[in-house]
Amino acid sequence: MLIDNKIYVGIDAEGNRVNLDLSMSNRHGLIAGATGTGKTITMKVLAESFADAGVPVFMCDVKGDVSGICTPGQQTEDMERRIDKFGLRDCFRYHGYSTTFWDIFGEGGHPIRATVSDMGPELLARILNLSEAQEGVLNIIFRIADDNGLLLIDLKDLRAMVNYVGEHKDEYILHYGNITQQSLGGIVRAILPIEDQGGNMFFGEPDLNIMDWIRPDINGKGMINVLDSVKLVQSPKLYSIFLLWMMAELFEKLPEEGDMEKPKLVFFFDEAHFLFTDMPSVFIQKIEQMVKLIRSKGVGVYFVTQNPADIPNSVLAQLSNKVQHALRAYTPAEIKAVKAAAQSFRENPNFKTEDVIMELGTGEALVSFLDDDGVPMITQRTSIICPQSLMGPADPAVRESMINTDGMSKYDTYVDNESAYEVLHGQAQLAAEEARLAAERAAFEKEKLEFERQKAKEDAEAAKEALKLQEKAEREAIKAQEKAEKEAQKAYEKEQRARERQAQNAVGSVGSTLGREFGKMVGDTIGGTLGKKVGGNLGSTLGRGFFKNLIGKK
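Residues numbered from 1 in each chain as written. Predicted model: local features only at pLDDT ≥ 70, side-chain atom pairs only at ≥ 80, totals over all residues. Heavy atoms only, no water.

Caption draft 1: Molecular detail of the pairing of strand S5 (residues 57–61). In terms of burial, S5 is a largely internal element, five of the five residues being buried. As paired elements, S5 and strand S7 (residues 224–228) share five bridges and run parallel to each other. Bridge pairing in S7 places Val-57 opposite Ile-224. (Buried < 20%, exposed > 50% of the residue type's maximum accessible area, 1.4 Å probe, protein only. Helix = DSSP H or I, 4+ residues; strand = E, 2+ residues; numbered from the N terminus. Pairing = 2+ DSSP bridges.)

Pasting the structure below:
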């Protein structure tokens, strides 16, 4: 609760208020404690107070119970007793806060997306845990994409670029440097777990404008942004990617502010151990760097986890405002963790911190904030006040109403603009189509050549056959001509013989007549009528024969 421009967190053992100064709240913080000790309540109390001060808040809702911050709390006897205990009767009212719900998977709120280009090769290399050589090749891939106007928006764009560079690496080596197939393969292998954990949902458009988190509600209060993380924490790699991208984006977009009266934005990351478990050292170094630098941008980051040991020491050293709820120690390792947690607090001479940590009840915590001079205050055993919003999940209908009316629907529809994948895929399709057409043309030319060869062969055979037929026809014509000539010769000879016979007959007739008359004359001279008759016949025969022979000789 915000009172006198200070965040009233609770009361110490003497009944004094324990406050967090707004001007020191961007020095980051830690809320730790075992399950069920009140961490979520503390987080909501701080978030409500920041919102009342006009500071936008971003909260990760890991268990689903943070969503109730949009709904007024319920009046109960226990709540009424707590209100009186903390002296809040005159200022406490049950009310919900303006809330915008987000979800990387787009199920419990508006999707959060970022482009691969926004992530950049350096940050992406940290996330993918690439070697120095692989990071160098990734930088080359981004450079080639920029030089060729190829947008890297989602993971399929990155994959397409890796494949493209691999296919053309010999062309780029002299201009960009060495590109090995092993490094390209390593990048592809590193992308696989990101895809498996939902990276395809996070990388894309429309990409989030981080300034949409830094806005007031209609009453001038800070907008509370709740990230539905119930499903997200099951993908720790993606959860870490989101954290690192978010801090890098804020660091890049926000101007340098230095010390401010109040933060521009405050983040609460619940179940923070997911961010660091099994993460490479270079990744943790990057988070540490961002946590250090982002403070000067007016952004406060609060990690919420079960045990301070969950946070790497290099990051833990940057968390100045601490709220430690109870820890349970049943094993040597747990006892050691309690001692380590106690040593991170400024000592209070009235109690032993290590013992109190294990004695704290639900709703109690050891608190040490920075004072006005930035010095950690003496640790106080503090009873945390109650939140004004609902301590539990919001009704689904209320949540849906918030989602539909918060003005952030512009992020709801995924947009797949033309980018590297579409361009390269289009080029590949065009090349494939050209290859197909070239193959078809080659096949056509081959068929045409085969057809022409076959036709030439058939024509040759036809010509050969025609020549044979022609020769045969010529032979037959010659034979026919010879036959005709023979027939004509025969006919001529026959005609000649007929003419000769006719001539012979005619001459013979004349000879017969002349012989007959001559014979008659001779016979008449010799012997009268008989002699005349015999002489005529004999003369006719002799005359016919004589003249025929005469004509035949000629």
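Additional details are given in the paragraphs that follow.
Caption draft 2: Representation of the side chain of Thr-382 within the structure. By secondary structure assignment, the location of Thr-382 is in strand S12 (residues 380–384). Apart from the residues within four sequence positions on either side, Thr-382 is in contact with Gly-10, Ile-11, Asp-12, Val-18, Gly-363, Glu-364, Ala-365 and Val-367. (Contact = heavy atoms within 4.5 Å.)

Caption draft 3: Representation of helix H5 (residues 155–167) within the structure. For H5, built from 13 residues, the straight-helix expectation of 18 Å at 1.5 Å per residue is met to within 8% by its first-to-last C-alpha distance of 18 Å. Residues of H5 that are buried: Leu-155, Asp-157, Leu-158, Ala-160, Met-161, Val-162, Tyr-164, Val-165 and Gly-166. (Expected span 1.5 Å × (residues − 1).)

Caption draft 4: Seen up close, empty space enclosed by the protein. Overall, the coordinates contain one cavity of 30 Å³ or more when judged by the stated rule. Its volume calculated, the largest cavity comes out at about 30 Å³. Lining the largest cavity are Leu-124, Leu-128, Leu-155, Ile-191, Ile-194, Phe-203 and Ile-241. For the lining of the largest cavity, the secondary-structure elements that each account for two or more residues are helix H3 (116–128) and helix H7 (181–196). Residues that form the lining of the largest cavity fall into these classes: seven nonpolar, no polar and no charged. (1 Å grid on protein atoms, 1.4 Å probe; cavity = no way out; pocket = protein on both sides within 12 Å on 5 of 7 lines; lining within 4 Å. Points joined across faces, edges and corners; volume = space filled by probe spheres on them. Nonpolar A, V, L, I, M, F, W, Y, C, P; charged D, E, K, R; others polar.)

Caption draft 5: Just the packing of H3 against helix H4 (residues 132–147), in detail. Close contact between H3 and H4 brings their axes to 9 Å; oriented N to C, the two are set at 165°. Our classification of the angle between H3 and H4 gives roughly antiparallel. Regarding H3 and H4, the two cross each other, and that crossing is left-handed. Each of Val-116, Ser-117, Gly-120, Pro-121, Glu-122, Leu-124, Ala-125 and Arg-126 in H3 lies in contact with H4, whose residues at this interface are Glu-135, Leu-138, Asn-139 and Phe-142. Classifying every residue of the contact of H3 with H4 by side-chain character gives six nonpolar, three polar and three charged. (Axes fitted to C-alpha atoms, helices over the stretch in contact; angles between N-to-C directions. Parallel < 35°, antiparallel > 145°, perpendicular 65-115°, else oblique. Left-handed = near helix turned anticlockwise from the far one by under 90°.)

Caption draft 6: Structural view of unusual backbone geometry. The linkage connecting Glu-205 with the following residue, Pro-206, adopts the cis geometry, with an omega of 0°. One non-glycine residue, Glu-271, adopts positive backbone phi at about 50°. Within the fold, Glu-271 resides in the loop between strand S8 (265–269) and helix H10 (273–276).

Caption draft 7: Focus on the pattern of salt bridges. A complete count under the given rule lists 28 salt bridges for this structure. Between Arg-27 and Asp-259 there is a salt bridge, with its nearest N and O atoms 3.5 Å apart. Residue Arg-27 is found in the loop between strand S3 (17–21) and strand S4 (29–32), and its partner Asp-259 is found in the loop between helix H9 (236–253) and S8; the two are separated by 232 residues along the sequence. Judged by relative accessible area, Arg-27 falls into the buried class, the value being 19%. The residue Asp-147 makes a salt bridge to Arg-143 at a minimum N-O spacing of 3.6 Å. Of the two residues, Asp-147 and Arg-143 both sit in helix H4, four residues apart, roughly one turn of that helix. Among the residues examined, Asp-147 registers a relative accessible area of 43% and is labelled partly exposed. What you see here is one network of salt bridges that share partners, running through Asp-154, Lys-156, Asp-416 and Glu-422. (Salt bridge = Lys/Arg side-chain N within 4 Å of Asp/Glu carboxyl O.)

Caption draft 8: Focus on the environment of Ala-125. Mapped onto the secondary structure, Ala-125 falls in helix H3. Distance in space between the C-alpha atoms of Ala-125 and Met-391 is 40 Å, their sequence separation being 266 residues. Setting aside anything within four residues of it in sequence, one finds Ala-125 in contact with Leu-130, Glu-135 and Leu-138.

Caption draft 9: A look at the side chain of Ser-240. Its place among the elements puts Ser-240 in helix H9. Classification of Ser-240 as buried rests on a relative accessible area of 1%. Discounting chain neighbours no more than four positions away, the residues touching Ser-240 are Phe-274, Leu-275, Met-279 and Phe-283.

Caption draft 10: Quick look at the state of the cysteines. Under the counting rule described, the total for this entry stands at zero disulfides. Of all cysteine sulfurs, the one in Cys-91 lies closest to Cys-386, which takes part in no disulfide; the gap is 10 Å. The exposure class assigned to Cys-386 is buried, which follows from its relative accessible area of 2%. (Disulfide = S-S within 2.5 Å.)

Caption draft 11: Focus on the packing of H9 against helix H11 (residues 281–294). The N-to-C vectors of H9 and H11 enclose an angle of 35°; their axes lie 10 Å apart at closest approach. Considering how the two elements wind past one another, H9 and H11 form a crossing that is left-handed. Residues Ser-240, Leu-243, Leu-244, Met-247, Ala-248, Leu-250 and Phe-251 of H9 form the contact with H11, whose participating residues are Phe-283, Lys-286, Ile-287, Met-290, Val-291, Leu-293 and Ile-294. Split into classes, the residues belonging to the contact of H9 with H11 amount to twelve nonpolar, one polar and one charged.

Caption draft 12: Focus on the pairing of S4. Alternating positions in S4 separate into two faces, Gly-29 and Ile-31 on one and Leu-30 and Ala-32 on the other, with burial throughout. By the bridge criterion, four bridges tie S4 to strand S9 (residues 299–305) in an arrangement that is parallel. Across the sheet, residue Ile-31 finds its bridge partner in S9, namely Val-304. Sheet topology places S4 next to strand S10 (residues 321–324); four bridges connect them, and they run parallel. In the strand pairing of S10, Leu-30 is matched with Lys-322.

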